[in-house]
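Read off the chains here:
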Amino acid sequence: MSTELERASAFVGRLWENPTLSGLSPLQREEQLIQFLEINNSTLLPTLTSPAFFPNQSWHKIRTLLLQALSNRTNTALSPLFDAVLQRKINFHFVANLEPKRAPHPDRVRKSMAQFLRTLASRPDSRSELTGPLMGVGTGLIDKYIGRIFERQRYIGFELRKVQRLKLEAPDVADLVKATMLIRPAILYFSPDEGGGGHARNVEHVSPAFAAKAASSVAQALPLMPADVVSAATHSALSFQDNPHLECSSRLAAVFAHRCRHMRPGMRVDRGAESSDKSWFSVARKNYKFYGFDLDMLVELHSIATENGW
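Residues numbered from 1 in each chain as written. Predicted model: local features only at pLDDT ≥ 70, side-chain atom pairs only at ≥ 80, totals over all residues. Heavy atoms only, no water.

Comments concerning the overall build of the protein chain
Next, step 1: Helix and strand counts for the protein chain stand at 18 helices and zero strands.
Next, step 2: Taken over C-alpha atoms, the radius of gyration comes to 21 Å for the protein chain, in line with the 19 Å a tight globule of 310 residues would show.
Next, step 3: Principal axes of the C-alpha set define a box for the protein chain whose edges measure 65 × 50 × 35 Å.
Next, step 4: A total of 310 residues make up the protein chain; the buried ones form 49% of that total.
Next, step 5: Sequence separation of 24 or more characterises 73% of the internal contacts of the protein chain that already satisfy a separation of 6 or more.
Next, step 6: For the protein chain, the distance from the average position of its 38 positive side-chain charges to the average position of its 30 negative side-chain charges is 2 Å. (Helix = DSSP H or I, 4+ residues; strand = E, 2+ residues; numbered from the N terminus. Rg over C-alpha atoms; globule rule 2.2 N^0.38 Å. Buried < 20%, exposed > 50% of the residue type's maximum accessible area, 1.4 Å probe, protein only. Contact = heavy atoms within 4.5 Å. Lys, Arg positive; Asp, Glu negative; His and termini not counted. Charge placed at Lys NZ, Arg CZ, Asp CG, Glu CD.)

So, in structure tokens, the structure goes:
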């Protein structure tokens, strides 16, 4: 490591340990710190161009060093996070249940998923889009909602069982939705308009034709994953208003990926204030067309959040 990169790493390390970032995931910290550097570059410049750091260097060069150091710091935290999430939070037995004739061993599926997540993390767009899925899977949020959905057997349950025809128990459906969420960022990884300059974009609505092309690329990268799961993952970037026959699992993946993007586990809710999930789903119902969400799905998820104080 060069001396300049060592200095950048030391500076980023101090920012990384700021108490205001406690409770955030590695990708959330990275996003917050990138924003901090962009907003405060003029304030930071006198310090960063001092003899202790990068004398006589331009902001462009300093920014490049800091972003590289930040990316390295995040990568160090991401690798064990990927392994932990895939080992402890997803049971890949649903793959064999969907395709009993192939029935790949769950460990093989898990290993291929781990490599795939590292691939997605190698580009700014898909890397940033992993934030919500990792948070949703890691916190157990998907499990608790799918459990309530199966207990209620209302709109979402009907869509999963009768329309999408998933012959799986609630835990397997939860794992399927988690896998769908984790694959979802591939829509940006395979996008021909992948953002340059280190800036990341969010998943935007794509055309069905592009979703099909992305699904083909994902299928090559994840040959052990059932085609229906890959298809649902790429379909999650389509608008439900324009594509009313989307798989229920793809609609759930889209909603929960957005919900969990800025989620901060353990945050205290002020007395008298709405719980965080209830508040989020309430706002999402008003903006469902903009995000391409299924309004009936949001209504039920809001009801579940309200009933359980989530």
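Concerning unusual backbone geometry
Next, step 1: Here the phi dihedral of Ala103 falls at roughly 45°; this positive angle occurs in a residue that is not glycine.
Next, step 2: Along the chain, the position of Ala103 falls in the loop between α5 (93–98) and α6 (106–120).
Next, step 3: In this model, Gln153 sits at a positive phi of 55°, which is unusual for a non-glycine residue.
Next, step 4: Examined against the element boundaries, Gln153 turns out to sit in the loop between α9 (141–152) and α10 (155–163).

What about the nonpolar core?
Next, step 1: With 66 residues, the main nonpolar core has Ile146 and Met225 as its most contacted residues.
Next, step 2: No other element matches the nine residues that helix α11 (residues 170–183) contributes to this core.
Next, step 3: Shared between two domains, this core takes at least three residues from each, and those domains are domain 1 (1–89) and domain 2 (91–308).
Next, step 4: Not counting residues up to four positions away in its chain, the partners in contact with Ile146 are Ala170, Val173, Ala174, Val177 and Leu252.
Next, step 5: Grouped together as the second largest cluster of nonpolar side chains are 21 residues, Trp16, Leu37, Ile62 and Leu66 included. (Core = buried A, V, L, I, M, F, W, Y, C linked by side-chain atoms within 4.5 Å. Domains from an automatic or database assignment.)

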